[in-house]
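Chains, contacts and geometry: an overview
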Number of protein chains: 2
Amino acid sequence: MIDGMTSAPTWTIAEVADEFGVTHRTVRHYEDLGLISPERRGTQRVYHRRDRTRLGLILRGKRLGFPLEEIRTIIDLFDAPRGRRTQLEYVLDQIDERRADLDQRLRDIQDAIAELGEFERRCREDLDKLA
Amino acid sequence: MIDGMTSAPTWTIAEVADEFGVTHRTVRHYEDLGLISPERRGTQRVYHRRDRTRLGLILRGKRLGFPLEEIRTIIDLFDAPRGRRTQLEYVLDQIDERRADLDQRLRDIQDAIAELGEFERRCREDLDKLA
DNA sequence: CTTGACGTTGACGTAAACGTAAAGCATGAT
DNA sequence: ATCATGCTTTACGTTTACGTCAACGTCAAG
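Residues numbered from 1 in each chain as written. Chains lettered and ligands numbered in written order. Predicted model: local features only at pLDDT ≥ 70, side-chain atom pairs only at ≥ 80, totals over all residues. Heavy atoms only, no water.

Turning our attention to helix H3 (residues 49–63) of chain B. Because an α-helix packs 3.6 residues into every turn, residues spaced three or four apart end up facing the same way. For H3 of chain B, which comprises 15 residues, the first-to-last C-alpha distance of 21 Å matches the rise-based estimate of 21 Å (1.5 Å per residue) to within 8%. Where H3 of chain B is concerned, the buried positions are Asp51, Arg52, Arg54, Leu55, Ile58, Leu59, Arg60 and Gly61 of chain B. The elements touched by buried residues of H3 of chain B are helix H5 (85–130) of chain A together with helix H1 (13–20), helix H2 (24–32), strand S2 (44–46) and helix H4 (68–79) of chain B. Among the residues trailing H3 of chain B, Gly65 of chain B stands out with phi positive, at a value near 85 degrees. (Helix = DSSP H or I, 4+ residues; strand = E, 2+ residues; numbered from the N terminus. Expected span 1.5 Å × (residues − 1). Buried < 20%, exposed > 50% of the residue type's maximum accessible area, 1.4 Å probe, protein only. Contact = heavy atoms within 4.5 Å.)

Quick look at the interface of chain A and chain B now. If you look at the interface, chain A gives 41 residues, while chain B gives 41 residues. The junction of chain A with chain B conceals about 4,100 Å² of combined surface from both sides, 69% of it contributed by carbon and sulfur atoms. Across the chain A-chain B interface, the total number found is eight salt bridges. The closest approach of N and O atoms between Arg60 of chain B and Glu115 of chain A, which form a salt bridge, is 3.1 Å. Put simply, chain A and chain B have ten residue pairs in polar contact (both at pLDDT 80 or more) between them. For the side of chain A that touches chain B, the element with the highest residue contribution is H5 of chain A, accounting for 30 residues. Of the residues belonging to the side of chain A that touches chain B, the class tally is 19 nonpolar, five polar and 17 charged. (Buried area = accessible area lost by both parts, 1.4 Å probe. Salt bridge = Lys/Arg side-chain N within 4 Å of Asp/Glu carboxyl O. Polar contact = N/O pair within 3.5 Å; in protein donor to acceptor, adjacent residues only side chain to side chain. Nonpolar A, V, L, I, M, F, W, Y, C, P; charged D, E, K, R; others polar.)

Moving on, we get to the packing of aromatic side chains. Within the structure shown, the criterion is met by two aromatic pairs over all chains. Just above the ring of Trp11 of chain A sits the side chain of Arg52 of chain A; from NZ or CZ to the centre is 4.2 Å. (Phe/Tyr/Trp six-rings, centres within 6.5 Å; stacked < 30°, edge-to-face > 60°. Lys NZ or Arg CZ within 6 Å of the ring centre and 35° of its normal.)

Here we come to the protein's contact with DNA strand D. Near DNA strand D lie 17 residues; those nearest to it are Arg28 and Arg45 of chain A together with Thr23, Arg25 and Lys62 of chain B. Close to the protein, within 4 Å, the atoms of DNA strand D are drawn from sugar and phosphate at a rate of 71%. Here Arg25 of chain B contributes a side-chain N or O atom positioned 2.9 Å from a base oxygen of DNA strand D. Those elements giving two or more residues to the surface near DNA strand D turn out to be helix H1 (13–20), helix H2 (24–32) and strand S2 (44–46) of chain A together with H2 of chain B. Residue contributions to the surface near DNA strand D peak at four residues, all from H2 of chain B. Of the residues in the surface near DNA strand D, the class split is five nonpolar, six polar and six charged. (Near = heavy atom within 4 Å.)

Now the structure itself:
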(Lines give C-alpha, C1' and ligand atoms only; values in the text may rest on other atoms or scores of the structure.)
Protein backbone atom coordinates (compact mmCIF):
# COMPACT_ATOMS: atom_id res chain seq x y z
CA MET A 1 0.00 0.00 0.00
CA ILE A 2 1.03 3.57 -0.58
CA ASP A 3 -1.63 6.07 0.15
CA GLY A 4 -2.33 6.51 3.85
CA MET A 5 -6.05 5.82 3.44
CA THR A 6 -7.00 9.20 2.01
CA SER A 7 -8.24 7.60 -1.22
CA ALA A 8 -8.38 4.21 -2.95
CA PRO A 9 -5.49 1.93 -2.06
CA THR A 10 -2.98 0.97 -4.73
CA TRP A 11 -0.03 -1.41 -4.92
CA THR A 12 3.25 -1.82 -6.76
CA ILE A 13 4.11 -4.84 -8.84
CA ALA A 14 6.43 -6.17 -6.15
CA GLU A 15 3.68 -5.92 -3.55
CA VAL A 16 1.04 -7.79 -5.52
CA ALA A 17 3.57 -10.39 -6.68
CA ASP A 18 4.65 -10.95 -3.10
CA GLU A 19 1.17 -11.08 -1.75
CA PHE A 20 0.02 -13.67 -4.28
CA GLY A 21 3.20 -15.66 -4.07
CA VAL A 22 4.31 -15.20 -7.67
CA THR A 23 7.18 -13.32 -9.33
CA HIS A 24 6.88 -9.90 -10.96
CA ARG A 25 7.76 -11.66 -14.20
CA THR A 26 4.65 -13.77 -13.86
CA VAL A 27 2.49 -10.72 -13.21
CA ARG A 28 3.86 -9.00 -16.28
CA HIS A 29 3.35 -12.13 -18.31
CA TYR A 30 -0.32 -12.06 -17.42
CA GLU A 31 -0.41 -8.44 -18.52
CA ASP A 32 1.25 -9.34 -21.83
CA LEU A 33 -1.53 -11.83 -22.42
CA GLY A 34 -4.14 -9.24 -21.56
CA LEU A 35 -5.35 -10.84 -18.33
CA ILE A 36 -4.74 -7.70 -16.30
CA SER A 37 -4.13 -4.10 -17.30
CA PRO A 38 -2.88 -1.99 -14.41
CA GLU A 39 -2.89 1.77 -14.51
CA ARG A 40 0.28 3.54 -15.61
CA ARG A 41 1.58 6.43 -13.57
CA GLY A 42 4.36 7.60 -15.85
CA THR A 43 6.22 4.43 -16.66
CA GLN A 44 5.31 2.58 -13.45
CA ARG A 45 2.50 0.13 -13.06
CA VAL A 46 -0.07 0.89 -10.40
CA TYR A 47 -2.33 -1.93 -9.25
CA HIS A 48 -5.84 -1.39 -7.93
CA ARG A 49 -8.21 -3.67 -6.09
CA ARG A 50 -9.73 -4.69 -9.41
CA ASP A 51 -6.36 -6.01 -10.57
CA ARG A 52 -5.96 -8.03 -7.41
CA THR A 53 -9.39 -9.55 -7.84
CA ARG A 54 -8.43 -10.60 -11.35
CA LEU A 55 -5.12 -11.99 -10.19
CA GLY A 56 -6.96 -14.09 -7.65
CA LEU A 57 -9.24 -15.47 -10.34
CA ILE A 58 -6.28 -16.17 -12.60
CA LEU A 59 -4.44 -18.15 -9.95
CA ARG A 60 -7.47 -20.16 -9.02
CA GLY A 61 -7.98 -20.90 -12.70
CA LYS A 62 -4.40 -22.08 -12.82
CA ARG A 63 -4.83 -24.32 -9.80
CA LEU A 64 -7.72 -25.84 -11.71
CA GLY A 65 -5.47 -26.43 -14.69
CA PHE A 66 -7.03 -24.00 -17.15
CA PRO A 67 -4.75 -22.49 -19.78
CA LEU A 68 -4.21 -18.77 -19.45
CA GLU A 69 -5.96 -17.95 -22.72
CA GLU A 70 -9.09 -19.70 -21.52
CA ILE A 71 -8.83 -17.98 -18.17
CA ARG A 72 -8.78 -14.69 -19.99
CA THR A 73 -12.00 -15.39 -21.84
CA ILE A 74 -13.62 -16.42 -18.59
CA ILE A 75 -12.71 -13.40 -16.50
CA ASP A 76 -13.39 -11.12 -19.45
CA LEU A 77 -16.83 -12.61 -19.41
CA PHE A 78 -17.35 -11.28 -15.90
CA ASP A 79 -16.45 -7.77 -17.03
CA ALA A 80 -18.24 -7.95 -20.36
CA PRO A 81 -20.90 -5.33 -21.15
CA ARG A 82 -24.32 -6.84 -20.60
CA GLY A 83 -26.50 -4.12 -22.06
CA ARG A 84 -28.17 -5.66 -25.06
CA ARG A 85 -30.30 -8.77 -24.98
CA THR A 86 -28.11 -10.55 -27.53
CA GLN A 87 -25.08 -9.89 -25.36
CA LEU A 88 -26.76 -11.27 -22.28
CA GLU A 89 -27.89 -14.37 -24.10
CA TYR A 90 -24.39 -14.92 -25.38
CA VAL A 91 -23.00 -14.57 -21.88
CA LEU A 92 -25.55 -17.02 -20.50
CA ASP A 93 -24.52 -19.46 -23.21
CA GLN A 94 -20.88 -19.15 -22.25
CA ILE A 95 -21.80 -19.67 -18.62
CA ASP A 96 -23.45 -22.97 -19.53
CA GLU A 97 -20.35 -24.14 -21.36
CA ARG A 98 -18.11 -23.20 -18.45
CA ARG A 99 -20.36 -24.96 -16.01
CA ALA A 100 -20.34 -28.14 -18.05
CA ASP A 101 -16.57 -28.06 -17.94
CA LEU A 102 -16.47 -27.41 -14.21
CA ASP A 103 -18.99 -30.14 -13.55
CA GLN A 104 -16.78 -32.64 -15.36
CA ARG A 105 -13.84 -31.56 -13.24
CA LEU A 106 -15.91 -31.80 -10.11
CA ARG A 107 -16.81 -35.40 -10.96
CA ASP A 108 -13.19 -36.21 -11.75
CA ILE A 109 -12.06 -34.84 -8.43
CA GLN A 110 -14.77 -36.57 -6.44
CA ASP A 111 -13.91 -39.85 -8.15
CA ALA A 112 -10.23 -39.37 -7.45
CA ILE A 113 -10.88 -38.59 -3.79
CA ALA A 114 -13.14 -41.62 -3.47
CA GLU A 115 -10.55 -43.92 -5.02
CA LEU A 116 -7.89 -42.51 -2.78
CA GLY A 117 -10.09 -43.20 0.24
CA GLU A 118 -10.70 -46.75 -0.90
CA PHE A 119 -6.99 -47.24 -1.42
CA GLU A 120 -6.23 -45.89 2.02
CA ARG A 121 -8.73 -48.31 3.54
CA ARG A 122 -6.97 -51.25 1.89
CA CYS A 123 -3.59 -49.99 3.07
CA ARG A 124 -4.84 -49.71 6.65
CA GLU A 125 -6.20 -53.23 6.42
CA ASP A 126 -2.80 -54.48 5.31
CA LEU A 127 -1.21 -52.58 8.15
CA ASP A 128 -3.57 -54.12 10.67
CA LYS A 129 -2.74 -57.60 9.42
CA LEU A 130 0.89 -56.89 10.16
CA ALA A 131 0.17 -55.99 13.76
CA MET B 1 -9.37 -56.78 -29.54
CA ILE B 2 -7.53 -59.66 -31.07
CA ASP B 3 -8.02 -62.91 -29.31
CA GLY B 4 -11.44 -64.45 -29.81
CA MET B 5 -12.10 -64.74 -26.05
CA THR B 6 -9.99 -67.82 -25.49
CA SER B 7 -7.70 -65.90 -23.10
CA ALA B 8 -7.12 -62.38 -21.76
CA PRO B 9 -8.05 -59.65 -24.23
CA THR B 10 -5.30 -57.41 -25.64
CA TRP B 11 -5.23 -54.32 -27.84
CA THR B 12 -2.97 -52.60 -30.34
CA ILE B 13 -1.70 -49.06 -29.92
CA ALA B 14 -4.16 -47.79 -32.53
CA GLU B 15 -7.06 -49.36 -30.66
CA VAL B 16 -6.29 -47.91 -27.26
CA ALA B 17 -5.42 -44.54 -28.75
CA ASP B 18 -8.71 -44.49 -30.62
CA GLU B 19 -10.71 -45.67 -27.68
CA PHE B 20 -9.34 -43.02 -25.35
CA GLY B 21 -9.44 -40.30 -27.96
CA VAL B 22 -5.71 -39.60 -28.11
CA THR B 23 -3.03 -40.16 -30.76
CA HIS B 24 -0.57 -43.04 -30.82
CA ARG B 25 2.12 -40.41 -30.34
CA THR B 26 0.53 -39.44 -27.06
CA VAL B 27 0.39 -43.05 -25.91
CA ARG B 28 4.05 -43.55 -26.75
CA HIS B 29 4.93 -40.33 -25.00
CA TYR B 30 3.36 -41.68 -21.83
CA GLU B 31 5.42 -44.80 -22.25
CA ASP B 32 8.60 -42.73 -22.70
CA LEU B 33 7.86 -41.09 -19.37
CA GLY B 34 7.27 -44.47 -17.77
CA LEU B 35 3.53 -44.04 -17.16
CA ILE B 36 2.67 -47.25 -18.98
CA SER B 37 4.79 -50.19 -20.07
CA PRO B 38 2.92 -52.44 -22.48
CA GLU B 39 4.11 -55.92 -23.25
CA ARG B 40 6.28 -56.42 -26.31
CA ARG B 41 5.47 -59.18 -28.73
CA GLY B 42 8.55 -58.99 -30.89
CA THR B 43 8.78 -55.31 -31.71
CA GLN B 44 5.06 -54.57 -31.38
CA ARG B 45 3.38 -53.18 -28.32
CA VAL B 46 0.57 -55.23 -26.81
CA TYR B 47 -1.77 -53.49 -24.40
CA HIS B 48 -3.55 -55.29 -21.60
CA ARG B 49 -6.41 -54.28 -19.37
CA ARG B 50 -3.91 -53.02 -16.83
CA ASP B 51 -2.52 -50.55 -19.37
CA ARG B 52 -5.98 -49.26 -20.14
CA THR B 53 -6.70 -48.74 -16.49
CA ARG B 54 -3.53 -46.71 -16.22
CA LEU B 55 -4.34 -44.73 -19.31
CA GLY B 56 -7.68 -43.86 -17.80
CA LEU B 57 -6.02 -42.64 -14.64
CA ILE B 58 -3.51 -40.63 -16.64
CA LEU B 59 -6.17 -38.86 -18.66
CA ARG B 60 -8.22 -38.06 -15.61
CA GLY B 61 -5.12 -36.68 -13.97
CA LYS B 62 -4.61 -34.55 -17.02
CA ARG B 63 -8.17 -33.25 -16.95
CA LEU B 64 -7.41 -32.24 -13.38
CA GLY B 65 -4.33 -30.37 -14.55
CA PHE B 66 -1.64 -32.52 -12.97
CA PRO B 67 1.73 -32.68 -14.74
CA LEU B 68 2.59 -36.09 -16.17
CA GLU B 69 5.53 -36.59 -13.83
CA GLU B 70 3.27 -36.13 -10.85
CA ILE B 71 0.68 -38.41 -12.36
CA ARG B 72 3.33 -41.08 -12.64
CA THR B 73 4.24 -40.91 -8.97
CA ILE B 74 0.55 -41.15 -8.10
CA ILE B 75 -0.35 -44.18 -10.19
CA ASP B 76 2.93 -45.83 -9.29
CA LEU B 77 1.77 -45.45 -5.73
CA PHE B 78 -1.24 -47.63 -6.48
CA ASP B 79 1.00 -50.37 -7.83
CA ALA B 80 3.71 -50.00 -5.19
CA PRO B 81 4.66 -53.01 -3.09
CA ARG B 82 3.03 -52.74 0.31
CA GLY B 83 4.70 -55.57 2.10
CA ARG B 84 6.75 -53.95 4.83
CA ARG B 85 5.36 -51.69 7.51
CA THR B 86 7.67 -48.82 6.58
CA GLN B 87 6.44 -49.04 3.01
CA LEU B 88 2.83 -48.95 4.08
CA GLU B 89 3.40 -46.00 6.31
CA TYR B 90 5.15 -44.16 3.52
CA VAL B 91 2.25 -44.87 1.19
CA LEU B 92 -0.26 -43.67 3.75
CA ASP B 93 1.76 -40.48 4.06
CA GLN B 94 1.70 -39.94 0.33
CA ILE B 95 -2.04 -40.53 0.34
CA ASP B 96 -2.48 -37.75 2.86
CA GLU B 97 -0.48 -35.32 0.73
CA ARG B 98 -2.47 -36.20 -2.36
CA ARG B 99 -5.72 -35.80 -0.52
CA ALA B 100 -4.74 -32.35 0.73
CA ASP B 101 -4.07 -31.35 -2.84
CA LEU B 102 -7.33 -32.77 -4.09
CA ASP B 103 -9.26 -31.13 -1.29
CA GLN B 104 -7.85 -27.75 -2.29
CA ARG B 105 -8.93 -28.37 -5.85
CA LEU B 106 -12.34 -29.46 -4.71
CA ARG B 107 -12.78 -26.19 -2.84
CA ASP B 108 -11.54 -24.19 -5.81
CA ILE B 109 -14.02 -25.88 -8.09
CA GLN B 110 -16.92 -25.52 -5.73
CA ASP B 111 -16.11 -21.83 -5.33
CA ALA B 112 -15.86 -21.37 -9.07
CA ILE B 113 -19.19 -23.11 -9.63
CA ALA B 114 -20.83 -21.02 -6.94
CA GLU B 115 -19.52 -17.78 -8.42
CA LEU B 116 -20.66 -18.84 -11.83
CA GLY B 117 -24.13 -19.51 -10.45
CA GLU B 118 -24.23 -16.12 -8.78
CA PHE B 119 -23.11 -14.49 -11.97
CA GLU B 120 -25.80 -16.29 -13.93
CA ARG B 121 -28.42 -15.10 -11.47
CA ARG B 122 -27.38 -11.50 -12.01
CA CYS B 123 -27.43 -11.95 -15.76
CA ARG B 124 -30.95 -13.37 -15.65
CA GLU B 125 -32.05 -10.45 -13.52
CA ASP B 126 -30.68 -8.04 -16.11
CA LEU B 127 -32.46 -10.01 -18.81
CA ASP B 128 -35.76 -9.82 -16.93
CA LYS B 129 -35.43 -6.08 -16.58
CA LEU B 130 -35.18 -5.83 -20.35
CA ALA B 131 -38.44 -7.72 -20.88
C1' DC C 1 6.58 -60.27 -55.00
C1' DT C 2 5.23 -55.87 -54.62
C1' DT C 3 1.88 -53.00 -52.56
C1' DG C 4 -0.59 -51.13 -48.57
C1' DA C 5 -1.80 -50.77 -43.90
C1' DC C 6 -0.04 -50.53 -39.67
C1' DG C 7 3.92 -50.61 -36.60
C1' DT C 8 8.63 -49.01 -35.02
C1' DT C 9 12.45 -45.67 -33.62
C1' DG C 10 14.79 -41.34 -33.84
C1' DA C 11 14.89 -36.49 -34.28
C1' DC C 12 13.43 -32.00 -34.77
C1' DG C 13 9.44 -28.52 -34.22
C1' DT C 14 6.15 -25.96 -31.42
C1' DA C 15 3.03 -23.68 -28.05
C1' DA C 16 2.44 -22.39 -23.31
C1' DA C 17 4.19 -20.39 -19.22
C1' DC C 18 7.22 -18.50 -17.42
C1' DG C 19 12.87 -17.97 -15.94
C1' DT C 20 16.79 -15.35 -16.46
C1' DA C 21 20.08 -12.11 -17.67
C1' DA C 22 21.15 -7.45 -19.73
C1' DA C 23 20.75 -2.78 -19.80
C1' DG C 24 18.44 1.43 -19.16
C1' DC C 25 15.23 5.13 -16.22
C1' DA C 26 13.66 7.31 -11.74
C1' DT C 27 13.81 8.54 -7.31
C1' DG C 28 14.96 9.07 -2.57
C1' DA C 29 19.10 8.87 0.60
C1' DT C 30 23.79 10.09 1.63
C1' DA D 1 26.15 14.68 -7.25
C1' DT D 2 26.20 9.93 -7.12
C1' DC D 3 24.72 5.82 -5.42
C1' DA D 4 21.69 2.16 -4.36
C1' DT D 5 16.90 0.42 -5.15
C1' DG D 6 13.28 -0.65 -7.52
C1' DC D 7 10.87 -0.55 -11.77
C1' DT D 8 11.09 -0.86 -16.87
C1' DT D 9 11.71 -3.16 -21.53
C1' DT D 10 14.01 -6.42 -24.67
C1' DA D 11 15.27 -10.74 -25.63
C1' DC D 12 16.80 -15.23 -25.43
C1' DG D 13 16.52 -19.77 -22.53
C1' DT D 14 13.79 -23.69 -20.47
C1' DT D 15 10.36 -27.14 -19.41
C1' DT D 16 6.22 -29.72 -20.53
C1' DA D 17 3.52 -32.16 -23.70
C1' DC D 18 3.10 -33.50 -27.33
C1' DG D 19 3.03 -32.75 -33.22
C1' DT D 20 5.25 -33.91 -37.29
C1' DC D 21 8.17 -35.65 -40.52
C1' DA D 22 11.62 -39.28 -42.09
C1' DA D 23 13.07 -43.74 -42.71
C1' DC D 24 12.58 -48.26 -41.96
C1' DG D 25 10.39 -53.16 -40.49
C1' DT D 26 6.43 -56.60 -41.09
C1' DC D 27 2.77 -59.04 -42.52
C1' DA D 28 -1.52 -60.28 -45.05
C1' DA D 29 -3.73 -59.48 -49.71
C1' DG D 30 -3.70 -59.25 -54.53
